[in-house]
Amino acid sequence: MARVFVSAAHKSSGKTTITLGLCAALAERGLAVQPFKKGPDYIDPMWHSAVSGRTCRNLDFNTQTPDEIAGFFRRFALGADVSIIEGNKGLHDGVDPQGRDSGAALAKLLRAPVVLVIDGSGITRGVAPLLMGYRAFDPEVRIAGVILNKVAGSRHETKLREAVEGFTDLPVLGAVHRSTDLEITERHLGLVPANEEAQASAVIRRIHDAISQQVDLERVMDAARSAPALAVPPLAVPAPQPPTGRIGVAHDAAFGFYYPEDLEALAAEGFELVPFDTLRDGALPPGLDALFIGGGFPETHMAALEANAGMRASVRAAVEAGLPTYAECGGLMYLSRSISWGDRRHAMVGALPLDTVMHRTPQGRGHVRMRETDAFPWPGAGGTVSAHEFHYAGVANVDPACRFAYAVERGHGFDGVGDGIVVHNTLAAFTHLRGVGGNAWPRRFAAFIRSCRSAAHGAHAA
């Protein structure tokens, strides 16, 4: 099971670009490339999926146990020629001071050789002690080679190579020269998602060409093939149920933040997932049993969302009629009365008694821990949920009578105290859930949908 873990000495070293290029170049060679991304993330996996042709999967210590991560990895790595795992932050960085959730910990767990991306900006001979320190800090982490990135030119490359090869035993697998052609547009939450980037194909091609020409792909594959056997069983695939209902899923340039296994779990529960476009469709699809509106960037599309009055009215009518609805972050913003950003304000669906306001700095960012309250609407075991949030939006003019599904134990949510407003049969929160690690939220939401449908049928029969 060939695999490599792509990491860096620090964040913003360019490891996402390198990972994209490796996935694209190896896939074009006819290899089945399975991408993975460490931590909670939606945007990077969209790009990795686009270039590899296989759905990228997240590996996250916050929501998964180590055993689950290993089994989850093996399940999706099976059948691939090579797995490319992109880390987050630096190799040894994480929330835990002992490094138990770091990239190094994940590389050791998966016994994956590390390809270390080094930002060459402003450094020459100093790269050697940097790498020597990384080798010595945790000898159990196997660094298989180095890719030099953001190299200023051929003279700079020569100096870096001489320092690495002269003072360390690490091979230089490539040297990628700095170029604006390799940059992906960024905004407040990171890279622009692949589903929004108008020039995505052109960007991917430029990155592919640069990596193909400046990285020794055979040596990268040699490193991947050197990974030892991973003696863990793959996680079982849930047996799918025949379709018995329909869930509308907002999927367009404004909304696209979904974990693929969550959608797969909803489908396995017997629900057909019906995509709809909040920007272009005039109304919701007919015959829906529920709605799922995930995160995204409604704030950058708020004028177009407001202009589609037909869809906004259709969603509001459905929510007010009691259609089971789950909305996360951007979905919450869409269901609110309005979104304000600077001196601009645009009307949204108006199904929630609150407004949302964009701020200059993040209002919530990182891991969260939420304790379910008595107001939580879905059946099943409650308790405390580990999840994540990342939002510049805050709430304003909230109806004081609102009920909240979560009490915040760590994080911010609405106000550092509560998150997850409950209105009619709708749950809307800034918290992003993931159906792993014992948090079977798709199963609970599916049960809620069925209970609401049964109640509606009973009332109709009466």
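Since this is a predicted model, take the numbers as computed values, not measurements.

Reading the values: the criteria
- For every chain, the first residue of the written sequence is number 1, and numbering continues from 1 onward in sequence order.
- Per-residue local features of the predicted model are confined to residues with pLDDT of at least 70, and side-chain atom pairs are confined, for both listing and counting, to 80 or more; whole-chain, interface and lining totals are unaffected and use all residues.
- Excluded from the side-chain calculation are hydrogens and water; included are all heavy atoms of the structure.
- We define the nonpolar core as a collection of buried residues of types Ala, Val, Leu, Ile, Met, Phe, Trp, Tyr and Cys that are connected through side-chain atoms lying within 4.5 Å of one another.
- Burial classes: relative accessible area under 20% of the type maximum marks a residue as buried, over 50% as exposed, and values in between as partly exposed (1.4 Å probe, protein chains only).
- The helix count covers DSSP runs of H or I at least four residues long, the strand count covers runs of E at least two residues long, and both are numbered beginning at the N terminus.
- All axes are obtained by fitting lines to C-alpha atoms, using only the stretch in contact for helices, and the reported angles, taken between N-to-C directions, cover 0 to 180 degrees.
- Any angle that falls under 35 degrees is termed roughly parallel, while one over 145 is termed roughly antiparallel, one within 65 to 115 roughly perpendicular, and all others oblique.
- With the far helix as reference, a near helix turned anticlockwise by less than a right angle produces a left-handed crossing, and one turned clockwise produces a right-handed crossing.
- Contact definition: two residues touch when any of their heavy atoms are within 4.5 Å.
- Throughout, the ten residues Ala, Val, Leu, Ile, Met, Phe, Trp, Tyr, Cys and Pro are labelled nonpolar, Asp, Glu, Lys and Arg are labelled charged, and all others, Gly among them, are labelled polar.
- The directions considered for the arc are those from the helix axis to the C-beta atoms.
- What a helix is expected to span follows from its residue count: subtract one and scale by 1.5 Å.
- A pair of strands is treated as paired once DSSP finds two or more bridges between them.
- Under the rule applied, a polar contact is a pair of N or O atoms within 3.5 Å (in protein, one hydrogen donor and one hydrogen acceptor; residues adjacent in sequence only if both atoms are side-chain atoms).

Attention shifts here to the nonpolar core. In terms of nonpolar packing, the biggest core is built from 66 residues, with F292, V315, Y334, W378 and F445 touching the most fellow members. Tallying contributions element by element places helix α13 (residues 441-461) first for this core, with six residues. With 42 residues, the next largest nonpolar core counts V6, I147, I211 and F297 among its residues.

Close contact between helix α1 (residues 15-28) and helix α2 (residues 43-52) brings their axes to 8 Å; oriented N to C, the two are set at 20 degrees. Considering their axes alone, α1 and α2 lie roughly parallel with respect to each other. By crossing handedness, the relation of α1 to α2 is classed as right-handed. Contacts from T16, T19, L20, C23, A24 and A27 in α1 reach D44, W47, H48, V51 and S52 in α2. A per-class count over the contact of α1 with α2 returns six nonpolar, four polar and one charged.

The next point concerns helix α5 (residues 127-137). Within α5, the full set of buried residues consists of V127, A128, L131 and Y134. Buried residues in α5, looked at end-on, bunch into an arc of 130 degrees, giving them a common side. Pointing more than 90 degrees away from the buried face of α5 are the exposed residues P129, A136 and F137. Each element contacted by the buried residues of α5 is listed here: β1 (3-8), β5 (114-119), β6 (143-151) and α6 (154-167).

Over its 12 residues, helix α11 (residues 309-320) extends 16 Å from the first C-alpha to the last, a length consistent with the 16 Å expected when each residue adds 1.5 Å. Of the residues making up α11, those classed as buried are M311, R312, S314, V315, A318 and V319. Down the axis of α11, the smallest arc covering the buried residues is 165 degrees, so these residues share one side. At the exit of α11 stands G322, carrying a positive phi of roughly 95 degrees.

This part takes up the sheet that holds strand β7 (residues 172-177). Within the open sheet, the seven strands sit side by side as β3-β2-β4-β1-β5-β6-β7. Their pairing is parallel. Two strands in the sheet have a free side with no partner beyond their single neighbour: β3 (57-59) and β7. In this sheet, adjacent strand axes meet at a mean angle of 25 degrees when their direction is disregarded. Examined bridge by bridge, β1 and strand β4 (residues 82-86) share four bridges and lie parallel to one another. Paired with F5 across the bridge in β4 is I85. Relative to strand β2 (residues 33-38), α2 is tilted by about 175 degrees, and along the sheet it contacts β2, β3 and β4.

In this fold, H48 is placed in helix α2. Residue classification places H48 among the buried residues on the basis of a relative accessible area of 0%. When the C-alpha positions of H48 and T19 are compared, they lie 7.8 Å apart, and in sequence the two are 29 residues distant. With near-sequence residues (within four places) excluded, H48 lies in contact with T16, T19, L20, P35, R54, C56 and E86. Within the structure, H48 has its side chain in polar contact with the side chain of E86 (distance 2.7 Å).

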